[in-house]
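Examination of the molecular architecture
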Amino acid sequence: MPSPITMAPWQTGGRMKVAICGAGIAGPTLAYWLQRTGHEPTLIEEAPRFRGGGYILDFWGIGYRVAELMGIEPQILEAGYHVRTVRAVDRDGRTRAALGTDAFRRSTQGKFISLPRGELAAAIYGAVEAGVETIFGDSIAAIRQDEQGVRIAFTHGSEREFDLLMGADGLHSNVRRLAFGPEENFSKHLGYKVAAFELEGYRPRNEREYVLFNTPGGQVGRFSLRGDRTLFLFVVRAGVPHREGPGDLAACKALLNRTFADTGWECSRILTAMQGVNDVYFDDVSQIRMGRWSNERVALIGDAAACVSLLAGEGAGLAMTEAYVLAGELKRANNDYREAFRNYEIRLRAFVEGKQRSAETFASFFAPKSQFGIWARNTAIQAMTIGAVADLLVGRSLRDDFDLPNYDMQ
Ligand SMILES: Cc1cc2nc3c(=O)[nH]c(=O)nc-3n(C[C@H](O)[C@H](O)[C@H](O)COP(=O)(O)OP(=O)(O)OC[C@H]3O[C@@H](n4cnc5c(N)ncnc54)[C@H](O)[C@@H]3O)c2cc1C
């Protein structure tokens, strides 16, 4: 039995040094709660500076509640958009179905907002920036853990010792690869690819309206942002994962050209404008399913642990919830990380897996295979304009069967 003098912080409930890889959504949220509970987090982010922008997220539910507890709701509301309508159009631009978003607001007591991923990440990071060390432009090349701690070798050559390492580095997590094995062991491809980019000065604009166009096997959504910018989000059926890396510009443009050329609506204008775009988000739509989320001193959160995919529409909120619960369980277990990691998983696993299952079921709603499928999807959207039906279906799909524990971390 070590004496209290030689005992490590994780044995005494003292201040722990925690490396968090990834300064996206989950990482800075975890840093915030760890700092509040007396620890010393260090964020490690491979991007050279904070990453802004990105696709639009819907944000509600328990993630929204975590944001309220962090005091960042005002920044989120300022950066966000209250979408009024989702409208599906045909190849001639005629409206085929339109759904007001009142039911979404009713089901969430008004706490439902859409905002760029980067703006949500910036609001979270703003809450920790001043007090948390962040290493930009670096990553982790190797880890070695033993009874005393976890030694991290950085890509740029230096080495440092921490008590714990948290992988918050997203769908293609490097920490997961180093501590658990290759991505293909845990990745479940859902049969789609997703692409997103922004254009400046695009016309027409439809303020606070999400306009959808479908061709068999592909969907494009257009949303007008402030600053005369327009966001385009594409979901395309694709049976096998792509061999090119995520973000491959040429592969992305080729796929979108193949899928949307000569399909009508505004597609040819969008595809022409796309030729001048250099910054796209392009990836497979996949989920991460793991048998366990921790391995000794290393734990995973957010997409790294259990990506639900964009089809769930709640990955960011879940990432924030996982960060909150993990920090809370460490506090409750008085830093006994083994017990905390076990309880973190016991609390969340069934709930998150339920979200993964419903996302999979919902997949065909995005990009129906045939014209008949598109018609059926539009009919379903139209049926939801009946108030009671909308309240029932929207209420069910937005419900979080999870009560956020109170860890007394304020
Ligand atoms: C098109 C699209 C639409 C979506 N829509 C919604 C929605 O409506 N609502 C919702 O809640 N969620 C949505 N999501 C999901 C949501 O974006 C994710 O679930 C969420 O961002 C996960 O947060 P994270 O912090 O785990 O990962 P990320 O946000 O991906 O952050 C990971 C961070 O780790 C960094 N990183 C990666 N690799 C390394 C490395 N090797 N070393 C160091 N740093 C590294 C990255 O640069 C990044 O900063 C959507 C996703 C997509 C793709």
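Details of the structure are given in the entry above.
The structure presented is a predicted model; accordingly, all values stated were derived computationally and were not measured.

The next thing to look at is the sheet that holds strand β10 (residues 159–162). Across the sheet, which stays open at both edges, the three strands sit in the order β8-β9-β10 with antiparallel pairing between neighbours. The open sheet has two edge strands, β8 (140–145) and β10, and neither has a second partner. With strand direction ignored, the average angle separating the axes of adjacent strands in the sheet is 20°. Pairing analysis gives four bridges linking strand β9 (residues 150–154) to β10, with the strands arranged antiparallel. Across the sheet, residue Ile152 finds its bridge partner in β10, namely Arg160.

What follows deals with the packing of helix α2 (residues 26–36) against helix α11 (residues 315–332). One way to put it is that α2 packs onto α11 with a least axis distance of 8 Å and a crossing angle of 30°. When the interaxial angle is binned, α2 and α11 end up roughly parallel. Here the hand of the crossing between α2 and α11 comes out right-handed. Residue-level contacts link Ala26, Thr29, Leu30, Trp33 and Leu34 of α2 to Ala319, Met320, Ala323, Tyr324, Leu326, Ala327 and Leu330 of α11. The class makeup of the residues in the contact of α2 with α11 is 11 nonpolar, one polar and no charged.

Note on placement: Arg377 falls in helix α13 (residues 371–383). There is no salt bridge for the buried Arg377, and the closest opposite charge comes from Asp90, which lies 11 Å off by N-O distance. A polar atom in the side chain of Arg377 sits 2.8 Å from the side chain of Asn214. Residue contacts for Arg377: discarding those within four places in its chain leaves Ala88, Leu212, Asn214, Gln219, Phe365, Phe366 and Pro368.

What follows is about the site of the ligand. In the neighbourhood of the ligand, 31 residues make up the surrounding shell, with Ala26, Glu45, Tyr55, Asp58 and Ser139 lying closest. Glu46 places a polar main-chain atom, nitrogen or oxygen, 3.2 Å from a nitrogen atom of the ligand. Here Gly315 contributes a backbone N or O atom positioned 3.1 Å from an oxygen atom of the ligand. Starting from 1000 Å² of accessible surface for the ligand in isolation, the protein chains cover 91%. At the level of secondary structure, the elements contributing two or more residues to the shell around the ligand comprise β2 (40–45), β3 (56–60) and α11.

Counting through the fold element by element, Arg15 comes out in the loop between α1 (9–12) and β1 (17–21). Sequence separation between Arg15 and Gly38 is 23 residues; the distance between their C-alpha atoms is 5.8 Å. When sequence neighbours within four positions are dropped, the list of residues in contact with Arg15 reads Pro9, Gly38, His39, Glu40 and Asp163. A distance of 3.5 Å separates polar atoms of two side chains, one belonging to Arg15 and the other to Glu40.

What follows concerns the pattern of salt bridges. Taken as a whole and judged by the stated rule, the model has 29 salt bridges. Here Glu73 and Lys111 are joined by a salt bridge, their closest N and O atoms 3.8 Å apart. Here the residue Glu73 occupies a position in helix α4 (residues 73–79), and Lys111 occupies one in the loop between α5 (102–107) and β6 (112–116), the gap between them amounting to 38 residues. For Lys355, the salt bridge is made with Asp400, and the minimal N-O distance between the two is 2.9 Å. Of this pair, Lys355 sits in helix α12 (residues 337–362) while Asp400 is found in the segment after α14 (387–398), placing the two residues 45 residues apart along the sequence. Each of the two residues, Lys355 as well as Asp400, counts as buried. When salt bridges that share partners are traced, they join Arg65, Glu68, Glu73 and Lys111 into one network.

Here is what the cut-offs are and how they apply
Residues numbered from 1 in each chain as written. Predicted model: local features only at pLDDT ≥ 70, side-chain atom pairs only at ≥ 80, totals over all residues. Heavy atoms only, no water. Pairing = 2+ DSSP bridges. Helix = DSSP H or I, 4+ residues; strand = E, 2+ residues; numbered from the N terminus. Axes fitted to C-alpha atoms, helices over the stretch in contact; angles between N-to-C directions. Parallel < 35°, antiparallel > 145°, perpendicular 65-115°, else oblique. Left-handed = near helix turned anticlockwise from the far one by under 90°. Contact = heavy atoms within 4.5 Å. Nonpolar A, V, L, I, M, F, W, Y, C, P; charged D, E, K, R; others polar. Buried < 20%, exposed > 50% of the residue type's maximum accessible area, 1.4 Å probe, protein only. Lys, Arg positive; Asp, Glu negative; His and termini not counted. Salt bridge = Lys/Arg side-chain N within 4 Å of Asp/Glu carboxyl O. Polar contact = N/O pair within 3.5 Å; in protein donor to acceptor, adjacent residues only side chain to side chain. Near = heavy atom within 4 Å. Areas by Shrake-Rupley, 256 points an atom, 1.4 Å probe, with all protein chains shown as cover.

Without other data, these values stay purely geometric and don't point to any function.
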